[in-house]
Every structure is written in structure tokens, then in C-alpha cells.
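What follows is the residue order along each chain.
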Amino acid sequence: MTMRFFNTYSRQIEQFEPRNPAERAIGVYTCGPTVYSRAHIGNFRAYIFEDLLQRHLELRGYKVHRVMNITDVDDKTIRGAREAGIPLVKFTEQFKQAFFEDAETLRIKRADEFPCATDQRYIDKMIAMIGALISKGLAYQADDKSVYFRINKFPNYGKLAHFDLTQLQSTGRVKHDEYDKEHIGDFALWKAWDEEDGDVKWDSPWGPGRPGWHIECSAMATALLGDQIDIHCGGVDNIFPHHEAEIAQSEGVTGKKFVGYWLHCAHLLVDGQKMAKSLGNFYTVPDVLAKGYTGRELRYALLRVHYRVPLNFTWEGMNEARESLARIDEWLGRLRAVAKKENAQRSTPNAQRPIEKSDFENALDDDLNISAALGFLFESIRETNRAMDENKLDPGAAKGWLDWWQRINTVLDVEPQAEVVVPPEVAQLANERENARRERNWKRSDELREQISALGWEVRDTKDGSRLTGRGAS
RNA sequence: GGCGGGGUAGCCAAGUGGUAAGGUCGCGGUCUGCAAAACCGCUAUUCGCGGGUUCGAUUCCCGCCCCCGCCUCCA
């Protein structure tokens, strides 16, 4: 039951061996949002993958110390604040809040820490790291007053992305200050202040300015997790240059291997293309909620596909998620009803008791194979439903299955929130319908069922009377 | 051009050197006043294409095609 992860660094599945196996303590760093606008659901796919990772590690008994940074200063946030005519702090604050709201909607477990790049504590750390890099000859201040990392002095640069530096081509996406840098691939550690930055600036030995994006993660990761961390995650688009740069900076300063396992998740696609702000083809969490879907439905839709496989977002997929969850909800409801029976007639339980069942966790051990894990869940659902149909599942077994569910749901977290209260008018209609049915007035009964359905509720006639189910429980 | 990821049923998606999990959708059946839910059955002779290795390949090897991404501040 050792875990295996696909390590981007080696491009291979590796056995997971934490640095501190005795205490089962693990440091995990996850790249968080840049708060210049509301994060889209593609961003959240990455955070959900990291959530799954953390929850599974915890299910396996590891104590996870997870850090997620928030980038609250960069070109885009500065531009946004300027255009909005408000201070940077005020501008970013709204998107920080939105991020936490959306994360909560998606039931993403909070990281232990959410360091912000503008925190003076980390600015100081960044300045110290840059100073160390300069003294080691790994960085230099150019004529434009900015400080750059000298990639030619770091032999391993390009190893994570498997890039041959001589082959680097500009995509034209980013402007290069080619006159100032020694090498086109040298990246900014400290960006010298210019007029467009307004009052956004910090003092440093190299003059006023602000940190580069990459150094911020190196500083916060090492400040909070130490020089060496077990797992570092992000989207595949972070591999280069961001994570490559983080390695160069961190290892350049400490001389120690920065990260044990690099895990990257594939993109969320729309119409077969990457979901991105720049392409304008994105949805936010509120967009999806506005279509009538719930947070847990979106969570499930983003969670159910293996993290290294590109996932095409569609409304059909959202419906599949809804139906799959309804199946789980229904199953849980039946199990609870059976578990409550005091003296169910003793019958031979032919449904295996799940106490020893570990297929679900074992599947997740294998590089978070969620599809296989869910496959086992649904097989179990069919198996126990069959047993309940045949009245062959005794209350003890039902309780066992509920315990099993509780365990795996610490990873999935897709159970509906507390029972939704039936609105009085729906209850009234249901009551009338019961009366109509007693009088065998089927026409009236069906009309009432229609009305109830129009209000978003489903009525089902069972042996024990009618039951109401709200559609799309949150 | 370089470096990755992916191509399995209408759609989504696991998987193994021995003949294809699961979800969703559709169809038929059991149950039901009718439904719904649940269960049962059907739905890929086939896993992008072409070779090769093998008794046997979707799985290993070689070549090719297609889709997506990264190539210096995108999760």
C-alpha cells in the first residue's frame, strides 16, 4: 500500500517516499491564484486535484502541511488596480475573497497557510534570496536596474521541462528586454520600478521595485516548509518557466534538492481547447451555479477524471455528474433506512461486508486513479442495491457500508449537505396526492405529481408510502 | 522545430501479454395504477492507422496520423 506518483521531473511513476517517514509528516506546496480577476473553473481543476491529493494522503495517515500562495502583485494586478483607480491592496482583496468563496463552494480543503507575496515577511525573504544568488554569481543586476537569474550558471536549468536551452524560441507572448539581459532565458528576480507601477514598490539593495513572480514561490515555500519539500503541484503550464525557475532559485540558494515529487495536472478544455482567460472561453464557479448546478456537482465533474488526462468541460458532463451523484444519494438513503431497522428478519447476508474492502484506497494509491476508485464505488453500489432489493442486507451490514462510505467520502466529499427542508406548498401538494391515490383518483394524482415536479421536487411511491426528493441537492 | 500529455462504445472513462471495469445516454424486461428509484438483459468481435515480436497484443517494439498543451511571469 505504498503510493505511487507520476513525477514530472523523471517522467516516471515513482514510489512515494516522504522525507520524514517516521512522523509521516509531508510538506506540500501548491501554486495558487493570481488575484487579478476571478479564477475560472480550469484553475479550480488544479485546486481540486490538489485537494484530492491532500485528502488521500491524509486518509493514508500522513500529516500534510500544505501551503498555497496567493500572488497579489504582478503586471496584471498592477494594471487592474490602475485601471480601476484603486490601491493595489483594495483591488486584489476582492478577488482573494472570491477565491475563498469559490473554493468553499467546491469543498476544497483549506491549505494550512495562504501566504501573500506582498507580505513584508516574504518580501524580506525574497530580497535575502536574491542577495544570496547575486553573491554566488547566479544573478546580476542589468542596466535596466532589474535583477535577473543567470541561467547559464545553473547547469540543471531546463531539467524539469526537459528543455534544451539553445532551442528556446520566443512565442512572442511576452516582451523581452533583450538588450538588458545576458541570455534571453534569464528571468527577472527583482523588477525595477517604473512609472506604470505607481506607488507599488518596495525598497531593496538594488533600488525600488517589486519581486518577480518566480522568486515569490521559492521564498514562501522555503520560508514555510523548509529548504526541501516533499511534493509540489500545479498545472502543466507551470512546468516551464515557473517551476523550472523555482528549482533554480531555491537550489541556487540552498544547494539542496528543492522538491521530491513534482505533480502537474492537465488542463480543463472547452470545445477541445484550453480554458483560459486570454481565450475568453472560460466559466467561473458562479457561472456554473447560475446554470442551476451545485458546487458538489461541479466538484464531482472536475474530480472524476484522472488529473493527468485533459478534461473537456461540457454541460452534458455536468448532467452526468448530477445523475451519478443522484445514484449515490439514493443508495445512501436506502442504506440508512436499512441500518435503522431494529429487528430486521435475520436473513443470510450475501452482500460482502465492506470492513476489509480497500479497493478504493488502493486505486488512489496508484497515482490517484480516481476513475478506477469510482468504478469500485459504483460496483459496490450495485451489489448492495441488489442485496437490498432481495431483502438480504441486514442492518449490521448496512451500517458497515455506511462506515465504509464515510471513510471514502473523506476523500470524495460529495455528500449532499443537510437534508433540504420540504417547502410547505410542496408538502401540501404531496398530501393531496396521497389522498387522491387513496381514492384511486389517478388522474388527479398524476396532475399533482406534475405540479410537484414543476416546483423542483420528485415524488416516489414506495411500499412505505410516498417520498419526496429535491432535485439538485447542494 | 524541441519537449510533454492524450486518442478505448453516442458521450465520459478504467484496464491487462490471454481476449474489454465503471458512469451517463438509449432500448427491452421485472416492480408500479402509471411513473420514479432499484434490479436484470441488450448496446466496442474490438481498443487512431500500418508493420513486427509472440501460441496469443488493446497491452511490448518500430513507423506513421490526429487532437491538446508548453517553449520565459497562464492552473
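Residues numbered from 1 in each chain as written. Chains lettered and ligands numbered in written order. Predicted model: local features only at pLDDT ≥ 70, side-chain atom pairs only at ≥ 80, totals over all residues. Heavy atoms only, no water.

With that settled, consider the overall build of chain A. Broken down by element type, chain A carries 14 helices and 15 strands. Seen along its three principal axes, the alpha-carbon backbone of chain A occupies a region of about 90 × 50 × 35 Å. Evaluated residue by residue, chain A yields a buried proportion of 49% over its 474 residues. Here the contacts in chain A between residues at least 6 apart in sequence split such that 76% fall between residues at least 24 apart. Put simply, chain A shows about 22,900 Å² of open surface, and 47% of that area lies on carbon and sulfur atoms. Distance between charge centroids for chain A: 5 Å, based on 65 positive and 73 negative side chains. (Helix = DSSP H or I, 4+ residues; strand = E, 2+ residues; numbered from the N terminus. Buried < 20%, exposed > 50% of the residue type's maximum accessible area, 1.4 Å probe, protein only. Contact = heavy atoms within 4.5 Å. Areas by Shrake-Rupley, 256 points an atom, 1.4 Å probe, with all protein chains shown as cover. Lys, Arg positive; Asp, Glu negative; His and termini not counted. Charge placed at Lys NZ, Arg CZ, Asp CG, Glu CD.)

Okay, the nonpolar core next. The nonpolar side chains of a soluble globular protein tend to be buried, and buried together. Membership of the largest hydrophobic core comes to 127 residues, with the highest contact counts inside it found for Leu57, Ile231, Trp331, Leu377 and Leu412. When residues of this core are assigned to domains, at least three map to each of domain 1 (4-140 + 155-160 + 212-290) and domain 2 (314-412). Apart from residues no more than four positions distant in its own chain, leucine 377 is found in contact with Ile328, Trp331, Trp404, Trp405, Ile408 and Leu412. Core analysis: the next-biggest nonpolar cluster, separate from the first, contains 6 residues, Val426, Leu429, Ala430 and Leu448 among them. (Core = buried A, V, L, I, M, F, W, Y, C linked by side-chain atoms within 4.5 Å. Domains from an automatic or database assignment.)

Overall, parallel pairing links the 4 strands, which are arranged β4-β3-β9-β10 in an open sheet. Edge positions in the sheet fall to β4 (63-68) and β10 (259-265), since each of these pairs with one other strand and no more. Within the sheet, the average angular offset between the axes of one strand and its neighbour, ignoring direction, is 20 degrees. In this sheet, β4 lies alongside strand β3 (residues 25-30) in parallel orientation, the contact comprising 6 bridges. In the sheet register, valine 28 faces β4, and the bridge partner there is arginine 66. Together, β3, β9 (229-235) and β10 form the strand contacts of helix α6 (residues 239-254), whose direction differs from that of β9 by roughly 160 degrees. (Pairing = 2+ DSSP bridges. Axes fitted to C-alpha atoms, helices over the stretch in contact; angles between N-to-C directions.)

On to the pairing of strand β2 (residues 12-15), then. Across 4 bridges, strand β1 (residues 4-7) lies against β2 in antiparallel orientation. By the bridge assignment, phenylalanine 6 is partnered in β2 with isoleucine 13. As consecutive antiparallel partners, β1 and β2 are separated by 4 residues, and within that stretch arginine 11 has a phi angle of approximately 60 degrees, a positive value.

At their nearest, the axes of helix α9 (residues 315-340) and helix α12 (residues 395-412) sit 8 Å apart, and the two run at 140 degrees to each other. The angle between the axes of α9 and α12 places the two elements in the oblique class. Viewed along their axes, α9 and α12 form a crossing whose handedness is left-handed. Seen from α9, the contacting residues are Ile328, Trp331, Leu332, Leu335, Arg336, Val338 and Ala339; seen from α12, they are Pro395, Ala398, Lys399, Trp401, Leu402, Trp404 and Trp405. Class assignment of the residues belonging to the contact of α9 with α12 gives a composition of 12 nonpolar, no polar and 2 charged. (Parallel < 35°, antiparallel > 145°, perpendicular 65-115°, else oblique. Left-handed = near helix turned anticlockwise from the far one by under 90°. Nonpolar A, V, L, I, M, F, W, Y, C, P; charged D, E, K, R; others polar.)

Our next topic: the environment of alanine 398. Along the chain, alanine 398 turns up in helix α12. For the pair formed by alanine 398 and methionine 388, sequence separation is 10 residues and the distance between their alpha carbons is 9.2 Å. Residue contacts for alanine 398: discarding those within four places in its chain leaves Leu335, Val338, Ala339 and Leu393.

Okay, the environment of leucine 468 next. Tracing the chain through its elements places leucine 468 in strand β15 (residues 465-470). Taking C-alpha positions, leucine 468 is 53 Å from aspartate 75, a pair spaced 393 residues apart along the chain. Excluding its chain neighbours within four sequence positions, the residues that come into contact with leucine 468 are Val422, Val426, Ala430, Ile452, Trp457, Glu458 and Val459.

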